[in-house]
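Read off the chains here:
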Amino acid sequence: SIVVGVTLDTMVTLVSTFESKMKQGCSIRFLALAPDGEALQVAAKYYATEPTFTATRIKSNLIAIASRLKSTETGSVEVRVLDRVFPTGYFITDPNSPKGQMIVQLYLYRIDSEDAPLFELSKSDDAQWFALYLRQFERAWNDATAF
């Protein structure tokens, strides 16, 4: 599974679910905005949030995820941060399988995330868009650094 978001607020509430999935052999990658990066100031203006508050939320959420989820013999976890403004957030399951599913959230200028568009893609029905968004994630992941 792949999880990408600015603060990962919602994902922290699902840590127990991620723990269960890892015991079943799932590998999970988390990507968030770098809380200490240069892009935080620009991102906070873009998202209409207060920079210090946003940085604190990101750090506490990443610490909660990283402290609770540990790679095991059956499943693995990686947590990275990216020093860039995020245009989209993702929740992707089975990205390398024909059954791949993706939820994409668009992060719009000064629009609260609760009001931002959210849509679903499947690898089988939306192959072109699924591949495009997955490629964007992989490029961001490759430029990100370990938390």
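This text follows the structure it describes.
Quick caveat, the model's predicted, so the values are computed rather than measured. (Residues numbered from 1 in each chain as written. Predicted model: local features only at pLDDT ≥ 70, side-chain atom pairs only at ≥ 80, totals over all residues. Heavy atoms only, no water.)

1. Looking at the packing of aromatic side chains
Part 1 of the argument: Enumeration over the complete set of coordinates arrives at eight aromatic pairs.
Part 2 of the argument: Through a chain of ring-to-ring contacts, the aromatic side chains of Tyr46, Tyr47, Tyr107 and Tyr109 assemble into a single cluster.
Part 3 of the argument: Above the ring of Trp141, the side-chain terminus of Arg29 is found at 5.1 Å from the ring centroid. (Phe/Tyr/Trp six-rings, centres within 6.5 Å; stacked < 30°, edge-to-face > 60°. Lys NZ or Arg CZ within 6 Å of the ring centre and 35° of its normal.)

2. Brief notes about the nonpolar core
Part 1 of the argument: One finds Phe30, Leu31, Phe86 and Met102 to be the most contacted residues of the largest nonpolar core, which totals 42 residues.
Part 2 of the argument: No other element matches the six residues that helix H5 (residues 127-143) contributes to this core.
Part 3 of the argument: When sequence neighbours within four positions are dropped, the list of residues in contact with Phe30 reads Val3, Leu8, Met11, Phe18, Ile65, Leu69, Val77, Glu78, Val79, Arg80 and Trp141. (Core = buried A, V, L, I, M, F, W, Y, C linked by side-chain atoms within 4.5 Å. Buried < 20%, exposed > 50% of the residue type's maximum accessible area, 1.4 Å probe, protein only. Helix = DSSP H or I, 4+ residues; strand = E, 2+ residues; numbered from the N terminus. Contact = heavy atoms within 4.5 Å.)

3. Focus on the packing of helix H3 (residues 39-47) against helix H4 (residues 51-68)
Part 1 of the argument: One way to put it is that H3 packs onto H4 with a least axis distance of 9 Å and a crossing angle of 110°. Regarding the angle of H3 to H4, the classification is roughly perpendicular. Of H4, the residues touching H3 (which contributes Leu40, Gln41 and Ala44) are Pro51, Thr54, Ala55 and Ile58.
Part 2 of the argument: Its residues assigned to classes, the contact of H3 with H4 comprises five nonpolar, two polar and no charged. (Axes fitted to C-alpha atoms, helices over the stretch in contact; angles between N-to-C directions. Parallel < 35°, antiparallel > 145°, perpendicular 65-115°, else oblique. Nonpolar A, V, L, I, M, F, W, Y, C, P; charged D, E, K, R; others polar.)

4. Some thoughts on H4
Part 1 of the argument: With 18 residues, H4 should cover 26 Å at 1.5 Å per step; its first-to-last C-alpha distance of 26 Å lies within 8% of that length.
Part 2 of the argument: Among all positions in H4, only Thr54, Ala55, Ile58, Asn61, Leu62 and Ile65 are buried. Down the axis, H4 shows its buried residues gathered within 140° of arc, on one side only.
Part 3 of the argument: Check the buried side of H4 and you find it contacts helix H1 (9-12), helix H2 (15-23), strand E2 (27-33), H3 and strand E3 (76-82).
Part 4 of the argument: The opening residue of H4 is Glu50, an N-cap whose side-chain oxygen sits 3.2 Å from the backbone nitrogen of Thr52. (Expected span 1.5 Å × (residues − 1). Arc of directions from axis to C-beta. Polar contact = N/O pair within 3.5 Å; in protein donor to acceptor, adjacent residues only side chain to side chain.)

5. Here's the deal with the environment of Leu62
Part 1 of the argument: Residue placement: Leu62 occurs in helix H4.
Part 2 of the argument: The contact partners of Leu62, leaving out residues within four places of it in the chain, are Leu8, Ala32, Pro35, Val79, Val81 and Phe147.

6. Some points on unusual backbone geometry
Part 1 of the argument: At Ala48, a residue that is not glycine, the phi angle is positive and equals roughly 60°.
Part 2 of the argument: For Ala48, the position within the fold is in the loop between H3 and H4.
Part 3 of the argument: Among the residues examined, Ala48 registers a relative accessible area of 42% and is labelled partly exposed.
Part 4 of the argument: Despite not being glycine, Arg110 has its phi angle at roughly 55°, a positive value.
Part 5 of the argument: Relative to the helices and strands, Arg110 is located in the loop between strand E5 (101-106) and strand E6 (118-122).
Part 6 of the argument: For Arg110, a relative accessible area of 48% translates into the label partly exposed.

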